[in-house]
Amino acid sequence: MADNVIKTKSFNFALRIVKLFQFLNQEKKEFILSKQLLRSGTSIGALVRESEQAESKKDFIHKLAIAQKEANETDYWLELLFQSNYLNETQFKSIKLDIVEINKILASIIITTKQKMTAI
């Protein structure tokens, strides 16, 4: 697991979310939406890490499915922050690309794992 793409990307994304949370709090004085974003955006990586210690393939899929739900929720908060003018278009597009990519990777891992389970 030296080069685990989803583990690396979700951790780096969590760092971006923490920095965005700090920016929104300090510069924009926004405290409610940013707190929701912080919670959902950092939990993706935590769930990916949790999945490494899954007790079974079903447990692994379940943990990643929850991570995917958190990624979808994070996408929602980002869109809301953008539409309410807390994020400008450049800021939004930059981080939006990251969450879309994470969502695609999670979906791919879940689908592949399910296929491998049914092939056995």
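Heads up: the structure comes first, above all this text.
The structure contained in this document is the topic of the report that follows. Small disclaimer: the values here were computed from a predicted structure and weren't measured.

As for helix 2 (residues 32-51)
The α-helix advances 3.6 residues per turn, and as a result positions three or four apart in sequence lie on the same side. The first and last C-alpha atoms of helix 2 sit 29 Å apart over 20 residues, in line with the 28 Å expected at 1.5 Å per residue. Residue Ser 43 marks the point of greatest curvature in helix 2, where the axis turns by about 30°. Three or more residues of helix 2 are buried, namely Leu 33, Ser 34, Leu 37, Ser 40, Gly 41, Ser 43, Ile 44, Gly 45, Leu 47, Val 48 and Ser 51.

Some points on the nonpolar core
By size, the foremost hydrophobic cluster in this structure holds 25 residues, and its most contacted members are Phe 13, Leu 20, Leu 37, Ile 44, Leu 78 and Leu 106. Contributions of two or more residues to this core are made by helix 1 (5-26), helix 2, helix 3 (57-83) and helix 4 (89-119). Leave out the neighbours within four places in its chain, and Leu 78 touches Phe 13, Leu 20, Leu 37, Leu 87, Phe 92, Ile 95 and Ile 99.

Considering unusual backbone geometry
Only a minority of non-glycine residues have a phi that is not negative, and only a minority of peptide bonds are not trans. In this model, Lys 29 sits at a positive phi of 55°, which is unusual for a non-glycine residue. Topologically, Lys 29 is positioned in the loop between helix 1 and helix 2. The backbone of Asn 85 sits at a positive phi, close to 70°, despite the residue not being glycine. Residue position: Asn 85 is located in the loop between helix 3 and helix 4.

A closer look at the packing of aromatic side chains
One pass over the full model with this rule turns up two aromatic pairs. A ring pair is formed by Tyr 76 and Trp 77, whose centres lie 5.0 Å apart and whose planes are at 70°; its orientation type is edge-to-face. Looking at Tyr 76, the relative accessible area reads 47%, which means it is partly exposed. Pairing Phe 82 with Phe 92 gives two aromatic rings, centres 4.4 Å apart and planes at 5°, and the pair type is stacked.

What counts, and where the lines are drawn
Residues numbered from 1 in each chain as written. Predicted model: local features only at pLDDT ≥ 70, side-chain atom pairs only at ≥ 80, totals over all residues. Heavy atoms only, no water. Helix = DSSP H or I, 4+ residues; strand = E, 2+ residues; numbered from the N terminus. Expected span 1.5 Å × (residues − 1). Bend = angle between axes of the 7 residues up to and from the residue. Buried < 20%, exposed > 50% of the residue type's maximum accessible area, 1.4 Å probe, protein only. Core = buried A, V, L, I, M, F, W, Y, C linked by side-chain atoms within 4.5 Å. Contact = heavy atoms within 4.5 Å. Phe/Tyr/Trp six-rings, centres within 6.5 Å; stacked < 30°, edge-to-face > 60°.

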